[in-house]
Amino acid sequence: ELTNHLLVRAHIMPRLTIHIRAIRASNLPSADVNGLSDPYCIFTCANARSTRTKTIENTLNPQWNEDLSLQCDAEADDSLVVTVRDHDKIGSDDDLDRLTVRLDMDKKQRKAIKKQIKKDLKRKGHHHGKIKFGFGSSSSSSSS
């Protein structure tokens, strides 16, 4: 009988639930021929789990105002990747921008990095938009 030869291991892996509030973006680049984009955000943790906002059509200044949550492995996931994409009805979607946020940084560290990124982009002459979102976390354990 197969069950006599099956070894099952349960490992308790702490889970981190990231609570995300996707608010809005502004001055996004145009990706469509009409001069606009159809933006949405994807939030991904290192274990490749992700969640996304709805698509807002024909705008460079989307307002999502969505509450999302994402289950991550607390031991493995130390960052959250935020990707803003343009939805295309034909072909593959276009990346508009990407940002990696370290989850273990405090508010002061995140603010310093944000200022440095803005300074670097201005010095290089890049046009860039803004995205506004917030996040928090809670932890639990699950077996796998």
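Everything here concerns the structure above.
Predicted model, so just to flag it, every value in this text is computed and none were measured. (Residues numbered from 1 in each chain as written. Predicted model: local features only at pLDDT ≥ 70, side-chain atom pairs only at ≥ 80, totals over all residues. Heavy atoms only, no water.)

Caption draft 1: Spatial organisation of the overall build of the chain. Along its length, the chain carries 1 helix and 7 strands. Counting every position in the chain, which comprises 144 residues, the buried fraction comes to 30%. A fraction of 66% describes how many contacts in the chain between residues 6 or more apart in sequence connect residues 24 or more apart. As displayed, the chain offers around 9,600 Å² of accessible surface, 51% of which is attributable to carbon and sulfur atoms. (Helix = DSSP H or I, 4+ residues; strand = E, 2+ residues; numbered from the N terminus. Buried < 20%, exposed > 50% of the residue type's maximum accessible area, 1.4 Å probe, protein only. Contact = heavy atoms within 4.5 Å. Areas by Shrake-Rupley, 256 points an atom, 1.4 Å probe, with all protein chains shown as cover.)

Caption draft 2: How the structure looks around the sheet that holds strand S3 (residues 50-52). Strand order in the open sheet formed by 4 strands is S3-S2-S5-S6, with antiparallel pairing between adjacent strands. Looking at strand neighbours, the two that pair on one side only are S3 and strand S6 (94-102), the edges of this open sheet. Strand-to-strand twist across the sheet, computed as the mean angle between neighbouring axes with direction ignored, equals 20°. (Pairing = 2+ DSSP bridges. Axes fitted to C-alpha atoms, helices over the stretch in contact; angles between N-to-C directions.)

Caption draft 3: Structural detail: the pairing of strand S5 (residues 79-86). With 6 of 8 residues buried, S5 lies mostly within the body of the structure. Here 7 bridges tie strand S2 (residues 39-45) to S5, and the two strands are oriented antiparallel to one another. Looking at S5, one finds that Ile 42 is bridged to Thr 83. Pairing analysis gives 8 bridges linking S5 to S6, with the strands arranged antiparallel. Paired with Val 82 across the bridge in S6 is Leu 99.

Caption draft 4: Fine view of the state of the cysteines. Inspection of every chain in the model, using the stated rule, returns 1 disulfide. Paired by a disulfide, Cys 45 and Cys 72 hold their sulfur atoms 2.3 Å apart. Negative torsions about the S-S bond denote left-handed disulfides, and the value of about -105° found for Cys 45 with Cys 72 makes this one left-handed. In this pair, Cys 45 is assigned in strand S2 and Cys 72 in strand S4 (residues 63-73), connecting sequence segments 27 residues apart. You'll find Cys 45 and Cys 72 in the same group, each marked buried. (Disulfide = S-S within 2.5 Å.)

Caption draft 5: Region of interest: the side chain of Thr 83. If you trace the backbone, Thr 83 turns up in strand S5. Given a relative accessible area of 5%, Thr 83 falls into the buried group. In this view, Thr 83 contacts Tyr 40, Cys 41, Ile 42, Asp 95, Asp 97 and Arg 98; residues no more than four positions away in its chain are not counted.

Caption draft 6: A look at the pattern of salt bridges. In this structure the tally under the stated criterion is 4 salt bridges. With a shortest N-O distance of 4.0 Å, Glu 57 and Lys 89 are connected by a salt bridge. Taken together, the positions of Glu 57 in the loop between S3 and S4 and Lys 89 in the loop between S5 and S6 put the pair 32 residues apart, joining distant regions of the chain. A salt bridge links Arg 85 to Asp 95, with the shortest nitrogen-to-oxygen separation between them at 2.6 Å. Here Arg 85 is found in strand S5, whereas its partner Asp 95 is found in strand S6, with 10 residues between them in sequence. Connected through salt bridges with shared partners, the residues Arg 85, Asp 95 and Arg 98 form a single ionic network. (Salt bridge = Lys/Arg side-chain N within 4 Å of Asp/Glu carboxyl O.)

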